[in-house]
Structure formats: C-alpha cells, structure tokens
Amino acid sequence: MASGLNAQSVADEFAEHAAEEQTHADQIAGRITQLGGEPDFNPASLLTRSHSEYVEGHTLVEMIQEDLVAERIAIESYSEIIRFLGDNDPTSRRLMEEILRRKKSTRRT
C-alpha cells in the first residue's frame, strides 16, 4: 500500500513491527511450554480468542490507524494480564511487564 518517496521506510516500519510482535508471541509460547502447556497457533482459534478485531485497511492511512487501535488494545490486554497474574506467577508477570514496557517505549518513537 505504501507508495511515493517514503514507501520503503513505511514498509520497513511495518516489517519491523511484525517482527517485534512475532518475538512477543514466541516468548509467550516459550513460557506456556515451560509451564507444561501447548501454545495454540491455529489461525481459526486465534481469531476467536483475539482481543482485537482484524480490520484490513484499504489505504496506508487506514492501515496505520488500525495498527494503532490494535496496539492500544494489546497494551490494555497486557496490563490486564499483569494484574491478573499478580504474585501468583512472578516469572510470567515479569515477561508480560517486559513486553508491555517495550510496546510502550516503541509507541513513543
């Protein structure tokens, strides 16, 4: 969707964001495995469990707006998970806090 003088930098930014999100998913999947669980990456069930609705932007501006909405929802979700974990699972809570810290610092740049 990106075109014009800044097309490559915009495409690079989306690619970097996607890589960061994949890293977060991998970290959480690793923690689930450590706890004896099995991460579920089935696309069909991911859609039903997602905290945000996937909305495909048709323009670059719409794509950026939808990305920001999804990022705000993710920040709220991580904050809620941290509160839920409390002192019951400090290792998982620290992982979520670190992901949340990175999300908040990335959002400011």
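What counts as what
Residues numbered from 1 in each chain as written. Predicted model: local features only at pLDDT ≥ 70, side-chain atom pairs only at ≥ 80, totals over all residues. Heavy atoms only, no water. Helix = DSSP H or I, 4+ residues; strand = E, 2+ residues; numbered from the N terminus. Buried < 20%, exposed > 50% of the residue type's maximum accessible area, 1.4 Å probe, protein only. Core = buried A, V, L, I, M, F, W, Y, C linked by side-chain atoms within 4.5 Å. Contact = heavy atoms within 4.5 Å. Expected span 1.5 Å × (residues − 1). 1 Å grid on protein atoms, 1.4 Å probe; cavity = no way out; pocket = protein on both sides within 12 Å on 5 of 7 lines; lining within 4 Å. Points joined across faces, edges and corners; volume = space filled by probe spheres on them. Nonpolar A, V, L, I, M, F, W, Y, C, P; charged D, E, K, R; others polar.

**Q** Give a description of the environment of T48 that names residues and reports values.
**A** Tracing the backbone through its elements, the reader meets T48 in helix α2 (residues 43-49). Its relative accessible area of 67% is what places T48 among the exposed residues.

**Q** So what's going on with the nonpolar core? Which residues, and what values?
**A** Formed by I28, A74, I75, Y78, I82, L85, L95, M96, I99 and L100, the largest nonpolar core amounts to 10 residues. Residue assignment for this core shows that the elements contributing at least two residues are α3 (60-85) and α4 (90-107). At five residues, α3 tops the list of elements feeding residues into this core. Setting aside residues up to four positions removed in sequence, I28 forms contacts with Y78, L95, M96 and I99.

**Q** Got a sec to walk through helix α1 (residues 7-34)? Specific residues and values, please.
**A** The end-to-end C-alpha distance of α1 is 41 Å, a good match for the 40 Å that 28 residues give at a rise of 1.5 Å each. Taken together, the buried positions of α1 are occupied by A7, H17, H24, I28, A29 and R31. Backbone geometry just after α1 places G36 at a positive phi near 90°.

**Q** Tell me about α3, and name the residues and values.
**A** When the terminal C-alpha atoms of α3 are compared, their 37 Å separation across 26 residues agrees well with the 38 Å that a helix rising 1.5 Å per residue should span. By the burial criterion, the buried members of α3 are E71, A74, I75, S77, Y78, S79, I82 and L85. Residue G86 follows α3 closely and has a positive phi angle near 50°.

**Q** So what's going on with the layout of surface pockets? Which residues, and what values?
**A** Approximately 1700 Å³ is the volume attributed to the largest pocket. Forming the walls of the largest pocket are 40 residues, and the residues nearest its centre are E21, L46, S50, H51 and S52. In terms of residues, the lining of the largest pocket owes the most to one element, α3, which gives 11 residues. Split by residue class, the lining of the largest pocket holds 21 nonpolar, nine polar and 10 charged.

Just geometry here; none of it tells us what the structure is for.
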